[in-house]
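Tertiary structure, described
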Amino acid sequence: MQIVAPAPSKQTKQGFHYCVISHTHWDREWYQPFELFRLRLVDLIDHVLEILAASPDYRFHLDAQTIVLEDYLQIRTERRGELAAYIKAGRLLVGPWYVHNDFFLTSGEATIRNLLMGSAIAREFGHCSRVGYVPDQFGLISQLPQILNGFGINNCIFGRGYQRYAPDETGALKSVDTDNEFIWNGEDGSSVLTIHMSAWYNNAQRFPVQPSQALKYLSLVENRIKARSRTPYLLLMNGVDHLEAQEDLLPILDSINQQFNGNGSRIFQTTLDEYVAMVSADLEGQTLDQHLGELRQGADFSILQGTLSSRGYLKRENVKAQTLLENCLEPLYAMLCLMSGEASYPADILHYLWKQLIQNHPHDSICGCSCDPVHAHMEDRFRAIQECGSDLLRRGLGEIVQRLDRSQLNPDAYLLLLCNTLKSTRTGAVSATLNLPAEDATERIELMDACGRVIPFEIIKCEPRLISLTSPINLPGQIQVDSVTIRFLPEPLEGLSWRHYIVQPCRKGGSPIRQKPVRRIRQSEAVMIENDALRVEVQAQGRVDLFDKRTGFWSRDLLQLEDEADLGHSYNFMRDPAGKPTAISDFPCKISLQEATPLSQSVRIVYRAKLNDCYEARQRRRSRRTQPNRIELNLTLTQGMPWLEIAGEVENRSRDHRLRLLIQTDIKTEISQSSSPFDLITRNRSEIQEGIRHDASQPTSGLICVRDQTRSLAIFTEGLYEYEHLLNERHALGVTLLRATGTIHHDALGLNGNINAQLEPPAEWLAPDNQCLRRMSFRLGLLPGNAEDAEFLNIFDLQQQFVTPVLKHFDAVDGHKFLGGRPFVQDSDVDGIFFRDLPAEHCNLPLTARPVRILGDGVVLSAIKQAEQGEGWVIRIHNPWPETRTAEIQFTGMIHQAALLRLDEQEIRALPLHEGCVNLQMQPRQVMTIGFR
Ligand SMILES: [Zn+2]
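Residues numbered from 1 in each chain as written. Predicted model: local features only at pLDDT ≥ 70, side-chain atom pairs only at ≥ 80, totals over all residues. Heavy atoms only, no water.

1. With respect to the overall build of the chain
- Helices and strands together make up the secondary structure of the chain, namely 14 helices and 50 strands.
- Here the C-alpha atoms of the chain give a radius of gyration of 30 Å, agreeing with the 30 Å that 2.2 N^0.38 yields for 933 residues.
- Oriented by its inertia axes, the alpha-carbon framework of the chain measures out at about 105 × 65 × 60 Å.
- A total of 933 residues make up the chain; the buried ones form 62% of that total.
- The contacts of the chain with a sequence gap of at least 6 include a subset with a gap of at least 24, amounting to 75%.
- Taken as a whole, the chain presents about 37,000 Å² of accessible surface, with 49% of it coming from carbon and sulfur.
- Here the chain carries 97 positive and 116 negative side-chain charges, and the mean point of each set is 3 Å from the other. (Helix = DSSP H or I, 4+ residues; strand = E, 2+ residues; numbered from the N terminus. Rg over C-alpha atoms; globule rule 2.2 N^0.38 Å. Buried < 20%, exposed > 50% of the residue type's maximum accessible area, 1.4 Å probe, protein only. Contact = heavy atoms within 4.5 Å. Areas by Shrake-Rupley, 256 points an atom, 1.4 Å probe, with all protein chains shown as cover. Lys, Arg positive; Asp, Glu negative; His and termini not counted. Charge placed at Lys NZ, Arg CZ, Asp CG, Glu CD.)

2. A look at a nonpolar patch on the surface
- A cluster of nonpolar side chains, contributed by I473, F824 and F834, occupies part of the molecular surface with about 270 Å² of accessible area.
- Within the secondary structure, F834 sits in the loop between β41 (807-812) and β42 (848-849). (Patch = residues over 30% accessible without salt bridge, like charges linked within 9 Å, V, L, I, M, F, W, Y side chains within 5 Å. Salt bridge = Lys/Arg side-chain N within 4 Å of Asp/Glu carboxyl O.)

3. Overview of the coordination of the zinc ion
- Protein coordination of the zinc ion is provided by H25 (NE2), D27 (OD), D136 (OD) and H363 (NE2), with donor distances spanning 2.1 Å.
- Every donor counted, the four donor atoms about the zinc ion form angles of 89 to 164 degrees at the centre, which fits irregular coordination.
- Every donor residue of the zinc ion comes from the same chain, spaced as H-x1-D-x108-D-x226-H. Highlighted residues: H25 in the loop between β1 (17-22) and α1 (34-54) and D136 in the loop between β4 (133-134) and α5 (144-149), separated in sequence by 111 residues. Summarising the burial analysis for this pair, H25 and D136 share the class buried. (Donors = N, O, S within 2.8 Å, 3.2 Å for Na, K, Ca; no water. Tetrahedral: all angles 85-135°; square planar, octahedral: opposite > 155°, others 65-115°.)

4. Quick look at the pattern of salt bridges
- Per the stated rule, a full pass over the model turns up 65 salt bridges.
- The partner of E82 in a salt bridge is R79, and the shortest N-O contact between them spans 2.8 Å.
- By relative accessible area, which is 32% here, E82 ends up partly exposed.
- As a salt-bridge pair, R395 and D391 come within 3.4 Å of each other at their nearest N and O atoms. Taken together, the residues R395 and D391, both in helix α13 (residues 372-402) and four residues apart, mark about one turn of the helix.

5. Details of the nonpolar core
- One finds F207, L236, L635, I877 and I889 to be the most contacted residues of the largest nonpolar core, which totals 226 residues.
- Of all the elements, helix α10 (residues 312-339) adds the most residues to this core, at 15 residues.
- If we skip the residues at most four places from it in the chain, L635 touches I529, V536, V538, V544, L559, Q601, S602, V603, I605, L644, E645 and I646.
- Residues A432, I455, V481 and Y501 belong to the second largest nonpolar core, which totals 26 residues. (Core = buried A, V, L, I, M, F, W, Y, C linked by side-chain atoms within 4.5 Å.)

6. Comments concerning the packing of aromatic side chains
- Tallied over the entire structure, the rule returns 27 aromatic pairs.
- An angle of 50 degrees between the planes, with centres 5.6 Å apart, marks the rings of W97 and F103 as tilted. Judged on exposure class, the residue W97 and its partner F103 are both buried.
- Relative to Y571, the ring of F138 lies with its centre 6.3 Å away and its plane at 80 degrees, an arrangement referred to as edge-to-face. Of the two residues, F138 sits in the loop between β4 and α5 while Y571 sits in the loop between β24 (559-565) and β25 (582-583), which places them 433 residues apart along the sequence. Neither F138 nor Y571 differs from the other in exposure class; each is buried. (Phe/Tyr/Trp six-rings, centres within 6.5 Å; stacked < 30°, edge-to-face > 60°.)

7. Here we look at the packing of helix α4 (residues 108-124) against helix α11 (residues 347-358)
- Remark: α4 packs on α11, axes separated minimally by 11 Å, with the N-to-C direction vectors making an angle of 105 degrees. Taken together, the axes of α4 and α11 lie roughly perpendicular to each other. Contacts between α4 and α11 pair A110, R113, N114, M117 and I121 from the former with H351, W354, K355 and I358 from the latter.
- Class assignment of the residues belonging to the contact of α4 with α11 gives a composition of five nonpolar, two polar and two charged. (Axes fitted to C-alpha atoms, helices over the stretch in contact; angles between N-to-C directions. Parallel < 35°, antiparallel > 145°, perpendicular 65-115°, else oblique. Nonpolar A, V, L, I, M, F, W, Y, C, P; charged D, E, K, R; others polar.)

8. A closer look at the environment of Q800
- Within the fold, Q800 resides in helix α14 (residues 795-803).
- Judged by its relative accessible area of 11%, Q800 is buried.
- Distance in space between the C-alpha atoms of Q800 and K423 is 9.3 Å, their sequence separation being 377 residues.
- Setting aside chain neighbours within four positions, we find Q800 in contact with N327, L422, V860 and L861.

9. A few points about the pairing of strand β15 (residues 444-448)
- As judged from the five bridges shared by β15 and strand β18 (residues 497-506), these two strands associate in the antiparallel manner. By the bridge assignment, E446 is partnered in β18 with Q504.
- Inspection of the sheet shows β15 paired to strand β19 (residues 511-512) by two bridges, in the antiparallel sense. Looking at the pairing, I445 lines up with S511 of β19. (Pairing = 2+ DSSP bridges.)

10. Examining helix α3 (residues 80-88)
- Within the sequence span of α3, burial applies to L83, Y86 and I87. For α3, the buried positions fall inside an angular range of 100 degrees around the axis, keeping them on one side.
- Each element contacted by the buried residues of α3 is listed here: α1, α2 (67-73), β3 (92-93) and α4.
- Of the residues trailing α3, G90 is marked for its positive phi of about 75 degrees. (Arc of directions from axis to C-beta.)

11. Details of the side chain of R711
- Structurally, R711 can be placed in strand β37 (residues 711-717).
- Notably, R711 is buried but unbridged: the nearest opposite-charge side chain belongs to D708, and the N-O separation is 5.4 Å.
- A distance of 2.9 Å separates the side chain of R711 from the backbone oxygen of T665, its partner in a polar contact. (Polar contact = N/O pair within 3.5 Å; in protein donor to acceptor, adjacent residues only side chain to side chain.)

12. With respect to the sheet that holds strand β46 (residues 885-891)
- Pairing in this open sheet of three strands is antiparallel, and the strands run β43-β46-β49 from one edge to the other. Pairing within the sheet leaves two strands with one partner each, and these edge strands are β43 (852-855) and β49 (917-922). Within the sheet, the average angular offset between the axes of one strand and its neighbour, ignoring direction, is 10 degrees.
- Summarising the sheet, β46 and β49 pair through six bridges and their orientation is antiparallel. Across the sheet, the residue bridging to I889 is V918, located in β49.

Structure below.
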């Protein structure tokens, strides 16, 4: 049965329309693990199905997510038909999301995939809600209006990030009441009618049964929201986290309607879609407040920004998994299939991997604010993604080599494939491991490019090893190899291209593989490393000076590690009001030159820092006991790479603290910019409202930059999401490396009025693993430049290069060399190995190829993949800059049609295609999806 929305009634214009939304907010895993919550979900949906059967007018929202359907049906497989019937009839509301992901800690591409997946599942069940419902996320990104519009959604209903504060007559900051309804604009011109649930998504959590009580309850609810509502349609959210549906709601609403006694008001159960339609119609012609940009206003505990750094190890794994899918696997297979019509795109496996990954993206999961078992399961999911994804990558690269035209190649030579799956040209030395079968007793090798030019290389190491040989038709075997790791400086590798190098064993000439490699040089005095762009000097006490050869500028004493107590919890950092930070440089350090070759130079600094064991809440001070914490920094300069890499590790043995790397920029500006999905956000360090925001940290999705009239500094991070532009004289950027606390939430300081402040929170809210007593690794890149630098426009490309490896694959020209395995009759003289060779006519790929070019300064590639429906290809690019930019996409062959698509891949209009090439004009901040066939 289709429910028709109650038409707004003119007679009731004087009264209110109380729009009751029955719902649950479903955190799939949080202070209890998934399986415990799932048992409750099964109860909840069983109960809803009972109500829907008994009460033909009842409607219920499953929190705009579709993953709950899968979770339920894994247990109640037989009830799929019932669910689908209610969804189709508009009585059980699902979608458009798969999960409620955190938008700051997951990539823009992941948010789009989440919507694609959620909408597709909802449609399979019969109906997808068209409301941009994001109730609980800890702030909203600036590009959400554009993302929602890209799915044909013109509205947004949310809970957090819109609480403003302004000084009153005494100068004290007071919260300002804003309208619940406003227009939220994206900088590209997108906009959504937005409704702020200022009294939260439980403002009508459960109505009392007794009629007079119910009316009294309603008047309380009304008083909390009516002053901020611009329409007589008041949104009453009947439900909250994990609560089951209120079965007696409809008779209670009837009894309230009777008590209204014709005063013009009415109360009714409705859906979010109908509610948005009623509000939009009522607001027609009215001028509403406008908001531009991200929504992350409010006090610390409102936007929970300490979740940017809780359990940093999860964030880093997430970036690695996103990079594997977005920047490696999808482009690699797209390139392979575009060059070879015979290869197949592993759409189903990639869909499976995306699904696994997005299951780690709910706000309570990726934010690191759940109980320990939840995060242990997440680590396992990340591991599974890496296991499957790395092998898919190996197979894809192997297939390129397998499908090569080898007719001109020397049969005893080897092939080294380099593949650049990013949009931009890559420079810089690369290293690769060559496994040469020991039985060949190779002594010398030569490295040549496809034109036969000899390429010089360095030997990093050479060691005997056993490697496994696997094949689908032979038992696994193993062979001994001389495993030689080399490094060389290839010609710049163009975007979305591959190039093969030939490794030729030789008797004379070439280089001996067993030559003495350039090894570590231990040193404890000052150490200097350099490449073509930068020089780094490390003084005996660990002081780091950086010289930029292009600008001639010395950054003296550039890096400091700083540790301080954290009295907070997984949601928020809380500074010790009586404490002060500990400088790690106060502890002794060891400095050693790790490597110094013409192509790569690296220095290691190791501190043994005795840090306080924990924070003692009862004594209100850091413990007097200390723990030894080994902190290692490796600074590396690689020839041809413009940045200084800082990779390191903390063996964390202390609790309740925060460790940051301060980068002293000496760039005199109040403004920093940081990346956010599809955007670069400008942030002013002076605008943090003290007293409202105790922690002045800000989000970044991997790029932070500061500039003044003469210089710029960009910082790339891999999974470090939290930084602060400090109000110190040297204008430091502080990047959080580690934040360790032991509870999901607590009120040990009584800040939230907890009368039991001296007691620990209940067991479920303890999260000892949140102390991160493990090896925590981190990686950053520092790129100094001058302010006029045209290269600055390509900073996003460089950040992608920083997190994405050049892909490599080594194989023999003789395709049987590493296939083999064990003979088919073991322990006998009857032996033999089976091979399944590709027909020669399918081996036609060239040694170098560039199947598609994407050109355009400042334009960033987000995705290149097969279309969701399977026919054709999709490329998504975005312009994170405030001015119009142009882009050009050119295919080498096989493309006949191009079209501009919405994010959900619905066609907007055909695009002119000239000889496989489309030219595009991109509006500021625009995300553009183009389909090709
Ligand atoms: Zn939630």
